[in-house]
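# Tertiary structure, described
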Amino acid sequence: MNRIPARILLPIIMGLVFILENTVSFYFARTLFYGETRFIPHSIIVMLVMMVVYLPRNQVMIYALVLGLVYDIYNIGIIGIYFALFPVVVYISQKLLHYLQGTFIMILLVSIFGVAISEFGAYLIFSSMKSVSIAFLPYVTTRLTTTLLFNIAYFLIIYFPFTLLLKRWKRETKGLSSTHVKL
């Protein structure tokens, strides 16, 4: 039985995660948390940080730029916010993980740090444009903490299966780069 190559499977999974992220935030935010407390899933950022460990930085940057642009077009309507934030998170994550060991705990901490950077960056941008009506302290207590907790749970669920896919991608591309094709 032939398996789908990881280089084809990875973009499909990232696209499905993008769709599911929007579905989760739309349907479950109201049912899980009542009142002012909300969470914002950042599945894409968590997965981009995990990709930094196994994939070449340039390829992860391309994913970050494309997904950031699509995220802006689909969710925000202002192109540039997540188009800039996703690559910044990838860059900072890559630098941190270069100096830290790529262990489960370190990747978790860097992922949550990436989510916090993205959330805080988006909050600063939206508040400077006067499109956010919530003050900073209520924002931290009602949105940022629940967002971080939700994304920790997401990381714990997705880490092992996604890591297996990324390791498979790395093995497959290593095999492709070692074979030379003569024309």
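Everything discussed here concerns the structure shown above.
Residues numbered from 1 in each chain as written. Predicted model: local features only at pLDDT ≥ 70, side-chain atom pairs only at ≥ 80, totals over all residues. Heavy atoms only, no water.

### Points about the nonpolar core
With 49 residues, the main nonpolar core has Leu10, Met14, Leu48, Met50, Met51, Phe86 and Phe162 as its most contacted residues. Listed by contribution, the elements that provide at least two residues to this core are helix H1 (6-32), helix H2 (43-54), helix H3 (57-76), helix H4 (81-99), helix H5 (104-128) and helix H6 (136-178). Of all the elements, H6 adds the most residues to this core, at 11 residues. Ignoring anything within four residues of it in the chain, the contact list for Leu48 reads Met14, Val60, Tyr63, Ala64, Phe86 and Val90. (Core = buried A, V, L, I, M, F, W, Y, C linked by side-chain atoms within 4.5 Å. Buried < 20%, exposed > 50% of the residue type's maximum accessible area, 1.4 Å probe, protein only. Helix = DSSP H or I, 4+ residues; strand = E, 2+ residues; numbered from the N terminus. Contact = heavy atoms within 4.5 Å.)

### Side note on the side chain of Asn22
Residue placement: Asn22 occurs in helix H1. The buried category is assigned to Asn22, whose relative accessible area is 14%. Among the polar contacts listed, one links the side chain of Asn22 to the backbone oxygen of Phe18, at a separation of 2.9 Å. Setting aside residues up to four positions removed in sequence, Asn22 forms contacts with Tyr74 and Asn75. (Polar contact = N/O pair within 3.5 Å; in protein donor to acceptor, adjacent residues only side chain to side chain.)

### Remarks on the packing of aromatic side chains
Enumeration over the complete set of coordinates arrives at 15 aromatic pairs. Aromatic side chains Tyr71 and Tyr82 sit 4.5 Å apart centroid to centroid with 65 degrees between the ring planes, which places their arrangement in the edge-to-face category. Of the two residues, Tyr71 sits in helix H3 while Tyr82 sits in helix H4, which places them 11 residues apart along the sequence. Note on accessibility: Tyr71 and Tyr82 belong to one class, buried. Where Phe155 meets Tyr159, the ring centres are 5.2 Å apart and the plane angle is 40 degrees; that geometry is what we call tilted. On the criterion of helical spacing, the pair formed by Phe155 and Tyr159 is a turn pair, its members being four residues apart in helix H6. When its relative accessible area of 7% is taken as the criterion, Tyr159 is described as buried. Members of the aromatic cluster, joined through ring pairs, are Phe18, Tyr71, Tyr74, Tyr82 and Phe86. (Phe/Tyr/Trp six-rings, centres within 6.5 Å; stacked < 30°, edge-to-face > 60°.)

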